[in-house]
Amino acid sequence: MKKGKIGIFDSGYGGLTVMRSIVDVLPGFDFVYLGDNARAPYGNRSFETVYQYTLESVNWLFDQGCELVVLACNTASAKALRQIQQIDLPKRSDNKRVLGVIRPSTESIGRYTKTGVVGIMGTVGTVKSETYPTEIARFFPSLRVEQEACPMWVYLVEHNQREGVGAEYFVKLHLDRILSRNPQIDTILLACTHYPLLEKTLNKCIPSNVRLVSQGRIVAESLNAYLNRHPEIRNILGSGASRSFFTTDDTLTFEAQASIFFGDSVRVKHVQIG
Ligand code: DGL
């Protein structure tokens, strides 16, 4: 019987925004979500630490029967994906796969802009890695890319401070900075999966000529296309439409937050990793 699952990993709640879209596009598959909330945020951590935490989490998801893991986290995709794909996966004999969120986003971002100037808002780690400008240049060489690291935004989400004066201050601070660097920006990619959870505050603060792009739908469509190109993976995936959720931190807090972000009530189990 086919029973392979799809794992979705993030440092915390952010990946739920991606999982929501993936489940909407691919409702029949079995999913396991892991949020490493106890060690979030990853955004300010070193390459070595993000790599180690991500690898531990991916291996845990493999142990749960996942054949394919999506790193629904830009920081992990920027700092750990390549090493996992090139060094760790080839050591295994079981043909498991790990995909990230940066490639699908950079492949499509050029379609949203009219001015040819896009803003990338992400964690310190994602911005410093320069992965976005490098990858966008491969697909859209004439695009101009401005980046802005927003270190407080993940804390606002993880600590349930998504609206109000404090959230507005930090959201506006970084939007103003990036837009003042290049007023031609007409498209801003939320290049951290936590940021769509700040949607209400972002919409309040952003000028009407600037479009916000979230990654959920882009990643979901890209995963669907990937599975169509790889029947050898698609064919070993189960179709029980199950969803399991795990966190490395407090389950009650996660359940309360996750139900809002995922849109359905969610039962969560605690797991110790690392
Ligand atoms: N949600 C993550 C991302 O997309 C990381 C947030 C963090 O842990 O700093 O980058």
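In case you missed it, the structure is sitting above this.
Predicted, not measured: the structure shown is a model, and the values here were computed from it.

Reading the values: rules and limits
- Residues numbered from 1 in each chain as written.
- Predicted model: local features only at pLDDT ≥ 70, side-chain atom pairs only at ≥ 80, totals over all residues.
- Heavy atoms only, no water.
- Pairing = 2+ DSSP bridges.
- Helix = DSSP H or I, 4+ residues; strand = E, 2+ residues; numbered from the N terminus.
- Axes fitted to C-alpha atoms, helices over the stretch in contact; angles between N-to-C directions.
- Near = heavy atom within 4 Å.
- Polar contact = N/O pair within 3.5 Å; in protein donor to acceptor, adjacent residues only side chain to side chain.
- Nonpolar A, V, L, I, M, F, W, Y, C, P; charged D, E, K, R; others polar.
- 1 Å grid on protein atoms, 1.4 Å probe; cavity = no way out; pocket = protein on both sides within 12 Å on 5 of 7 lines; lining within 4 Å.
- Points joined across faces, edges and corners; volume = space filled by probe spheres on them.

A. How the structure looks around the sheet that holds strand β7 (residues 187-190). Taking strand neighbours across the sheet as the criterion, the four strands line up as β6-β5-β7-β8 in an open arrangement whose pairing is parallel. Of all the strands in the sheet, the pair left with one neighbour each is β6 (144-149) and β8 (211-213). Averaged over all pairs of adjacent strands, the angle between strand axes in this sheet comes to 25°, irrespective of strand direction. As paired elements, strand β5 (residues 117-122) and β6 share six bridges and run parallel to each other.

B. Fine view of the site of the ligand. Around the ligand, a shell composed of 13 residues is seen, among which Ser11, Tyr42, Asn74, Thr75 and His194 lie nearest. With respect to the ligand, the backbone of Asn74 contributes an N or O atom lying 2.7 Å from an oxygen atom. For the ligand, a nitrogen atom lies 2.6 Å from a polar atom in the side chain of His194. Grouping the constituent residues of the shell around the ligand by class yields five nonpolar, seven polar and one charged.

C. A look at empty space enclosed by the protein. One pass over the full model with this rule turns up two cavities of 30 Å³ or more. Taken as a whole, the largest cavity encloses approximately 70 Å³ of empty space. Lining the largest cavity are 13 residues, with Ser11, Cys73, Thr75, Thr123 and Cys192 sitting closest to its centre. For the lining of the largest cavity, the residue count by class is five nonpolar, seven polar and one charged. Its boundaries defined by the atoms lining it, the second largest cavity holds a volume of some 50 Å³. Every residue lining the second largest cavity is listed: Pro41, Gly43, Asn44, Thr123, Val124, Cys150, Pro151, Val154, Tyr155 and Tyr195. With three residues, the single largest contributor to the lining of the second largest cavity is helix α8 (residues 151-158). Residues of the lining of the second largest cavity, tallied by class, amount to seven nonpolar, three polar and no charged.

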